[in-house]
Amino acid sequence: MAYREGLRSGVRKQLGFAFRDISEHLPGAFIIYRADKDDDELLYANHEFLQMTGYKTIDKFFSLTNKSFHNLIREDEQHQIETSIWKQIDAGNNNDYIHFHLRKADGTYLSVLDHGRIVESQQYGRVFYVLFMDWDAMHVHYSDKFSG
């Protein structure tokens, strides 16, 4: 299709970016997981997410979290965070925004802002794409926005 006569140059350029190129060079840590209240199976994490959280490999990430988004949330916040996410989605929003403490590989926690989007995937059904931002780094770089 990229070389089909009449195909616009801009469309051809967009077709040249593979998922791996985008996911590994996008300036942000993100994961993809099943959007099911009873099955929140982790499906993907990009390299930046693994680096930010200290997981050496995707296999180690899956192993240490039992492939569950639930297990990434600090225990005392789990119910509140999951309830808030689903309340936002059930209200008809495609996006959710939440602040919580994300479990790292070493068992410590990182304060993050989670921006999730629910989408329909042909292969997996409903899934969340979730972008994470380091809460403390945001305060350092945008202190003027947080203070007023």
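Overview of the structure.

Conventions used here
Residues numbered from 1 in each chain as written. Predicted model: local features only at pLDDT ≥ 70, side-chain atom pairs only at ≥ 80, totals over all residues. Heavy atoms only, no water. Core = buried A, V, L, I, M, F, W, Y, C linked by side-chain atoms within 4.5 Å. Buried < 20%, exposed > 50% of the residue type's maximum accessible area, 1.4 Å probe, protein only. Helix = DSSP H or I, 4+ residues; strand = E, 2+ residues; numbered from the N terminus. Pairing = 2+ DSSP bridges. Axes fitted to C-alpha atoms, helices over the stretch in contact; angles between N-to-C directions. Phe/Tyr/Trp six-rings, centres within 6.5 Å; stacked < 30°, edge-to-face > 60°. Salt bridge = Lys/Arg side-chain N within 4 Å of Asp/Glu carboxyl O.

**A short note on the nonpolar core**
And then number 1: Formed by 27 residues in total, the largest nonpolar core has its most connected members in Ile31, Phe49, Phe61, Phe69 and Phe132.
And then number 2: The set of elements that each furnish at least two residues to this core consists of strand E1 (29-34), strand E2 (42-45), helix H3 (47-53), helix H4 (58-65), helix H5 (78-90), strand E3 (95-103), strand E4 (109-121) and strand E5 (125-134).
And then number 3: Per-element accounting of this core gives the leading share, 4 residues, to H5.

**Some remarks on the sheet that holds E3**
And then number 1: Taken in spatial order, the 5 strands line up as E2-E1-E5-E4-E3 in an open sheet, and their pairing is antiparallel. Pairing within the sheet leaves two strands with one partner each, and these edge strands are E2 and E3. Each neighbouring strand pair of the sheet contributes to a mean axis angle of 30°, computed without reference to strand direction.
And then number 2: The sheet contact formed by E1 and E2 spans 3 bridges and is antiparallel.

**Re the pairing of E1**
And then number 1: Burial runs high along E1: 5 of the 6 residues are buried.
And then number 2: Taken together, the 6 bridges between E1 and E5 define a ladder with antiparallel strand orientation. In the strand pairing of E5, Arg34 is matched with Val127.

**With respect to the environment of Gly54**
And then number 1: Relative to the elements of secondary structure, Gly54 occurs in the loop between H3 and H4.
And then number 2: Spatially, the C-alpha atom of Gly54 lies 9.8 Å from that of Gly107, the residues being 53 residues apart in sequence.

**Thoughts on the packing of aromatic side chains**
Describing an aromatic ring pair means giving the distance of the ring centres and the angle of the ring planes.
And then number 1: Within this structure, the stated rule accounts for 10 aromatic pairs.
And then number 2: Where Phe30 meets Tyr44, the ring centres are 5.9 Å apart and the plane angle is 35°; that geometry is what we call tilted. One end of the pair, Phe30, is in strand E1; the other, Tyr44, is in strand E2, and 14 residues separate them in sequence.
And then number 3: Residue classification places Phe30 among the buried positions, given a relative accessible area of 8%.

**With respect to the pattern of salt bridges**
And then number 1: The tally for this structure, following the rule as stated, stands at 6 salt bridges.
And then number 2: The salt bridge involving Arg34 is made with Asp39; its shortest N-O contact spans 3.6 Å.
And then number 3: Measuring nitrogen to oxygen at the nearest pair gives 3.2 Å for the salt bridge that ties Asp90 to Lys37. Remark: Lys37 occurs in the loop between E1 and E2 and Asp90 occurs in helix H5; sequence separation between them is 53 residues. When sorted by exposure, Asp90 lands in the same class as Lys37, which is exposed.
And then number 4: Each member of the salt-bridge network shares a partner with another, and the members are Arg34, Asp39, Glu41 and Lys67.

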